[in-house]
Amino acid sequence: MGHLLMIESWVGSMSRLLPRAVRESGHEFTFLTRDLHHYLRNAPEGVAHPLLGARHVLTADTNDLNALLPQVERLHSALNFDGVLTSCDYYLPAVAEVAARLKLPGASPDAVANACHKDATRRVLQAAKVPGPRFAVCADWAAAADAAREIGYPLVLKPVDLCAGMFVRRVDDEGDLSRAYRALADFPVNARGQRRAPQVLLEELLEGPEVSVETVSFDGKTQVVGVTDKSVGGAPAFIETGHMFPAALDTEATATAADTAVAALAALGLDQVVAHTEIKLTAHGPRVVEVNPRPAGNRITELVRHVTGVDLAAAFVDVALGKTPDLTVRDTGLASAAIGFLVPDTAGVLEDIEGGDELGGQPGVLEVQLAAPGTAVKAAGSNNEYLGHVMAADPDGSGARARVEDLLAGLRPKVVVR
């Protein structure tokens, strides 16, 4: 049995999937957080949050690395950790530093830091000649306006250090750029109380379908588990509205996407990681969107598990412990699995989701999770405002996405504007 130190977590599905994977793998974990209520207030009433299944729940200022490192050293001497991990992007660099300080398995802190900052990722991949968009890193408005004119509209404006599509916007002219730039500038501190970097990233708009490549890197070798497709909506935002695994691509497109992701991981020097690398399949070839040195969110790991039997959350646990992960593909009886999200376009209070009660017994349905009446609703501007999801499978081919879209079409959210 291994003992893992889990430093913070996402509040979404991975806050449940990762504790489950630790438990089912026969291990235990200590949970270290600066604010336990950040998680508890997101648990359904009357249900114990899976993070409370930790052997210990401890408090520390996880945003202050200088204070955190000596504290985890003291904890390690008393509790004897075998590995350290997190599912939350904002704490991946700190976890890498902790692993290095405690001499536990983990990726290089420099590699993780470069992957977690989009501007650094762009520079590293450009130097390694891994294909990506033309880009500029801008420290102020004047630099952004000049860079936009040089690259040419339309563009994508991105924060260098936020997640879930927050403040990522398409800009078609200088007016759009100004509005997107000001909106981001008005958000100086992220949801975890960390001050953001002031730089913005401008990129040429890439046209073409977007996929993600799910990989596991261990002991200097990267294994591609598969390629997932993505649907996007909410323009000018880029909101993920659904995914299907495996992506409905031909053999050549699948291989080029996978090869590009592996090249990006190698350029960044990432090893000892489960990674989720996003790729645009343009008319000029694949282009890297971003590299995430952690398992995919939005329950993509569950799509992979349903189709292949490979549990990427469990692989994440194994890699953190320095154990060879089990990536054996098994016959699950399913050819594809997809998830679709209910994305609100109106702010208010949720009164009901009509049609939701009829989904559970429908053929092919794997999961249904819908927001409860009384939920405060915000018009979606990122991947943080979903009203729920539907997951379904196809045993015979690539029909899972169409099945999910049909099911979502039968849902009618009633939002009361107040």
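Residues numbered from 1 in each chain as written. Predicted model: local features only at pLDDT ≥ 70, side-chain atom pairs only at ≥ 80, totals over all residues. Heavy atoms only, no water.

> How would you explain the sheet that holds strand β3 (residues 56-59) if you had to name every residue and give the values?
One open sheet accounts for 4 strands, arranged β3-β2-β1-β4; its pairing is parallel. Two strands close off the open sheet at either side, each with one partner strand: β3 and β4 (83-85). Strand-to-strand twist of the sheet, defined as the mean angle between neighbouring strand axes without regard to direction, takes the value 25°. In this sheet, β3 lies alongside strand β2 (residues 28-33) in parallel orientation, the contact comprising 4 bridges. Residue F31 lies in a different strand from β3, and its bridge partner there is V57. Against the sheet, helix α4 (residues 92-102) contacts β1 (3-7) and β4, and its axis sits at roughly 170° relative to β4. (Pairing = 2+ DSSP bridges. Helix = DSSP H or I, 4+ residues; strand = E, 2+ residues; numbered from the N terminus. Axes fitted to C-alpha atoms, helices over the stretch in contact; angles between N-to-C directions. Contact = heavy atoms within 4.5 Å.)

> Account for the sheet that holds strand β6 (residues 155-159), with residues named and values stated.
The strand order across the open sheet built from 4 strands is β5-β8-β6-β7, with neighbouring strands paired in antiparallel fashion. Single-partner strands in this sheet number two, and they are β5 (135-138) and β7 (169-171). Mean inter-strand twist for the sheet, computed between neighbouring axes without regard to direction, equals 25°. Across 5 bridges, the pairing between β6 and strand β8 (residues 200-204) is antiparallel. Directly across from L157, in β8, lies its bridge partner L202. Relative to the sheet, helix α8 (residues 174-185) contacts β6, β7 and β8, its axis offset from that of β6 by approximately 10°.

> Residues and numbers for the domain arrangement of the chain, please.
Split into domains, the chain comes out as domain 1 (3-104), domain 2 (133-204), domain 3 (207-332) and domain 4 (338-417). With centres defined by C-alpha atoms, the gap from domain 1 to domain 3 works out at 24 Å. Interface area for domain 1 against domain 3, summed over the two sides, is near 1400 Å², with a carbon-plus-sulfur share of 65%. Among the residues domain 1 hides against domain 3, the three largest losses belong to M14, L17 and R20. Together they make up 27% of the total. On inspection of domain 1 and its partner domain 3, the count reaches 3 salt bridges. Residue D89 is joined to R294 by a salt bridge in which the shortest nitrogen-to-oxygen separation is 3.0 Å. For the side of domain 1 that touches domain 3, the element with the most residues is helix α1 (residues 14-24), which contributes 6 residues. Here the residues of the side of domain 1 that touches domain 3 sort into 9 nonpolar, 6 polar and 3 charged. (Domains from an automatic or database assignment. Buried area = accessible area lost by both parts, 1.4 Å probe. Salt bridge = Lys/Arg side-chain N within 4 Å of Asp/Glu carboxyl O. Nonpolar A, V, L, I, M, F, W, Y, C, P; charged D, E, K, R; others polar.)

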